[in-house]
Amino acid sequence: MSRKYKIRWQESDAERLNKAVKNFNAKIKRIAKKYPEIEKALPETVKVGDLKQIINTRADLNREINS
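Residues numbered from 1 in each chain as written. Predicted model: local features only at pLDDT ≥ 70, side-chain atom pairs only at ≥ 80, totals over all residues. Heavy atoms only, no water.

**Describing the layout of surface pockets**
Going by this rule: Think of a 1 Å grid over just the protein atoms. A cavity is a set of points where a 1.4 Å probe fits yet cannot get out, a pocket is an open set with protein on both sides within 12 Å along at least five of seven lines, and lining residues have an atom within 4 Å of a point. Grid points are joined across faces, edges and corners, and a volume is the space filled by probe spheres set on the points. Secondary structure elements follow DSSP: runs of H or I no shorter than four residues count as helices, runs of E no shorter than two count as strands, and numbering proceeds from the N terminus. All amino acids are sorted into three groups, where Ala, Val, Leu, Ile, Met, Phe, Trp, Tyr, Cys and Pro are nonpolar, Asp, Glu, Lys and Arg are charged, and the leftover types, Gly among them, are polar.
Here the largest pocket defines a volume of roughly 230 Å³. Lining the largest pocket are Leu 17, Ala 20, Val 21, Phe 24, Lys 27, Val 46, Leu 51, Glu 64, Ile 65 and Ser 67. Here the element with the most residues in the lining of the largest pocket is helix H1 (residues 11-34); it accounts for five residues. In terms of residue class, the lining of the largest pocket is built from seven nonpolar, one polar and two charged.

Here's what the structure looks like:
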């Protein structure tokens, strides 16, 4: 099994994560505005700081951005 190294945050990594979080939160708000009856069923908005605490490796970063 390969070793998992901790991520060294680069500026481009932070920008990718910020963009992904911004797009995700905007989509949730857009859907909630269009369909107010399903607002309770939508996922909660996410914060960049919360995701940075969860992400330990580059694979984790890519997994979160793709999801």
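**So, the nonpolar core**
Spelled out, the test is: By nonpolar core we mean a set of buried residues, namely Ala, Val, Leu, Ile, Met, Phe, Trp, Tyr and Cys, connected to one another through side-chain atoms within 4.5 Å. In this scheme, a residue with accessible area under 20% of its type's maximum is buried, one over 50% is exposed, and one in between is partly exposed, where area comes from a 1.4 Å probe on protein chains only. Only heavy atoms enter the contact rule, under which two residues are in contact if any of them lie within 4.5 Å.
Of all hydrophobic cores here, the largest spans six residues; its members are Ile 7, Leu 17, Val 21, Leu 51, Ile 55 and Leu 61. With residues near it in sequence (within four places) discarded, Ile 7 still touches Asp 13, Ile 55, Asn 56, Thr 57, Arg 58 and Leu 61.

**Here's the deal with the environment of Asp 60**
Here is the rule: Pairing of N or O atoms within 3.5 Å defines a polar contact, subject to two protein rules: one partner must be a possible hydrogen donor and the other a possible acceptor, and residues neighboring in sequence count only if both atoms are side-chain atoms.
When you line up the elements, Asp 60 lands in helix H3 (residues 58-66). Here the alpha-carbon distance between Asp 60 and Lys 6, two residues 54 residues apart in the chain, equals 9.9 Å. One polar contact links the side chain of Asp 60 to the main-chain amide nitrogen of Asn 56, over a distance of 3.3 Å.

**So, the pattern of salt bridges**
The condition is simple: By definition, a salt bridge exists where a carboxyl oxygen of Asp or Glu is found within 4 Å of a side-chain nitrogen of Lys or Arg.
Scanning the model with the defined rule gives two salt bridges in all. A salt bridge links Asp 13 to Arg 58; the nearest nitrogen and oxygen atoms lie 2.9 Å apart. Taken together, the residues span a long stretch of sequence, with Asp 13 in helix H1 and Arg 58 in helix H3 at a distance of 45 residues. Note on Asp 13: relative accessible area 3%, which makes it buried. The salt bridge partner of Asp 60 is Arg 63, with a shortest N-O separation of 2.8 Å. One end of the pair, Asp 60, and the other, Arg 63, are both in helix H3, three residues apart, so they sit about a helical turn from each other. Residue classification places Arg 63 among the exposed residues on the basis of a relative accessible area of 51%.

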